[in-house]
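# Secondary and tertiary structure notes
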Amino acid sequence: IVKPLHILNGVGLLTGEQFKAVMRRLGANPSAQDIESLGPYRVENAVILAAGLPANPAPLSYEKPKGALVVRGAALIERLIRQLKEAGLQDITVVSGFLGEQLSYLEDAFGVRLVINDSYRERGSSSSIKCVEGLLGNTYLCSAETWYQDNPFAPYEYDSYRAAIPAEDGADTWALRGHAYWSREFSSAFVKLLDSIYDDPATVDASWEQIAAEHAGELPALQIRRYGRGAFRGFDSLDDVQRFDPGFIDRVDSEILD
C-alpha cells in the first residue's frame, strides 16, 4: 500500500515504501529519526474478544469459554496473550461474557484488563466493541479462540487490515478469519458510526464485521492481509480439535465427556 506523504499534527507520515524501508532498518542500525518516524504507527494495545456464546465445539462449549480450551499444551487465549506480549504489547484487554468467571485468573496471571460484556446473549460482537470503545486507537482486535502457528503481531503496523486465509473449497477465494488491526483513524470512525446506529434494532445481532461491510463507504479502507493455509485456525467441531491435537480428548477436563 503506497500513500502520498502528508502531514498530520505536525508529524510527517510515511509512504508504504518508506515504512517498509524503516522497518527493514529496525533490525540493523535504526537512527533516532527512524524511531521518531514510526511513532504514528506504533500499536498501542490489543483487545481480545471472548464474550460470545459458542455453538461449537459441542459439548465442550456448554462448559467453558472456547478460548479456555487447552490445545497442544496451552489454553488458546493464553497462547494468544503470550504472542501479543512477545510483540511488545503490554496493554491487553479481554472482553468476557459467557462463563467469564473462568477467565478471571488472566488478570493476575498475565496482567491483562478484564471487561465484562453483559449483553453477549442478546447482541453480536458489536456489543463487545461498545464495551471498550474508549480504549480503541492503534489496536489489534483478536478472537480468543484462534490458534496461530507463528506470531503474526508486530510493534508497528502501517494501515488497518483484516486477516484472511485461503477458503477450504480450494477456489481462489479467501475467508476472513483471525485478527484485525485498526488504526486510530479507523477506530475513531467506527466508534462514531457504532454510536449512531447502536440503538437500531437491525444491529442487535450484528457483528462488527457485518457493520463494517454494510457501511464500508463511511469508514476508512480496511485492507485484506492474506496469510498462508495453516497460518492460523479456529475449531468448529470436536473432531476439528482432535485432528489437530490427537491427545486432546485424553487430556480435556469435561464432566459431560466423562
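Now for a look at the structure at hand. (Residues numbered from 1 in each chain as written. Predicted model: local features only at pLDDT ≥ 70, side-chain atom pairs only at ≥ 80, totals over all residues. Heavy atoms only, no water.)

Attention now moves to the overall build of the chain. Secondary structure summary: the chain contains nine helices and 13 strands in total. Taken over the C-alpha trace, the chain has a radius of gyration of 19 Å; the compact-globule value for 258 residues is 18 Å, and the two agree within 12%. Dimensions of the chain along its principal axes, counting C-alpha atoms only, are 60 × 45 × 45 Å. Split into buried and exposed, the 258 residues of the chain put 49% on the buried side. The long-range share in the chain, meaning contacts at least 24 apart out of those at least 6 apart in sequence, stands at 70%. Looking at the chain as shown, the accessible area adds up to about 13000 Å², and 49% of this sits on carbon and sulfur atoms. (Helix = DSSP H or I, 4+ residues; strand = E, 2+ residues; numbered from the N terminus. Rg over C-alpha atoms; globule rule 2.2 N^0.38 Å. Buried < 20%, exposed > 50% of the residue type's maximum accessible area, 1.4 Å probe, protein only. Contact = heavy atoms within 4.5 Å. Areas by Shrake-Rupley, 256 points an atom, 1.4 Å probe, with all protein chains shown as cover.)

In this section: helix α3 (residues 76-86). Of the residues making up α3, those classed as buried are L76, I77, E78, L80, I81, Q83 and L84. Positive backbone phi, approximately 95°, marks G88, located one or two places after α3.

Attention now moves to the pairing of strand β7 (residues 113-116). If a strand is regular, its side chains alternate between the two faces of the sheet. Bridge count for strand β6 (residues 92-96) against β7 is four bridges, and the pairing is parallel. By the bridge assignment for β7, V95 is matched with V115. Handedness of the β-α-β unit built from β6, helix α4 (residues 105-110) and β7 comes out right-handed. (Pairing = 2+ DSSP bridges. Right-handed = clockwise from strand over helix to strand, strands pointing away.)

Applying the stated rule across the entire model yields 16 aromatic pairs. Centre to centre, the rings of Y140 and Y181 are 5.5 Å apart; their planes meet at 65°, and the pair counts as edge-to-face. Taken together, the positions of Y140 in strand β8 (residues 139-143) and Y181 in strand β11 (residues 174-182) put the pair 41 residues apart, joining distant regions of the chain. Like Y140, the residue Y181 is buried in the burial classification. Ring plane angle 50° and centroid distance 5.3 Å describe the contact between Y148 and F232, whose orientation is recorded as tilted. Linking Y148 in strand β9 (residues 147-148) with F232 in strand β13 (residues 232-233), this pair joins segments that are 84 residues apart in sequence. Taking relative accessible area as the criterion, Y148 reaches 1% and is therefore assigned buried. (Phe/Tyr/Trp six-rings, centres within 6.5 Å; stacked < 30°, edge-to-face > 60°.)

Here the focus is the nonpolar core. Ranked by internal contacts, the top residues of the largest apolar core, which has 29 residues, are I48, I77, I81, L84, L106, Y140 and F153. Within the residue set of this core, elements represented by two or more residues are β3 (45-50), α3, β6, α4, β8 and β10 (161-166). The element that contributes the greatest number of residues to this core is α3, accounting for four residues. Counting 25 residues, the second largest nonpolar core, distinct from the first, contains Y120, L136, V191 and A206. (Core = buried A, V, L, I, M, F, W, Y, C linked by side-chain atoms within 4.5 Å.)

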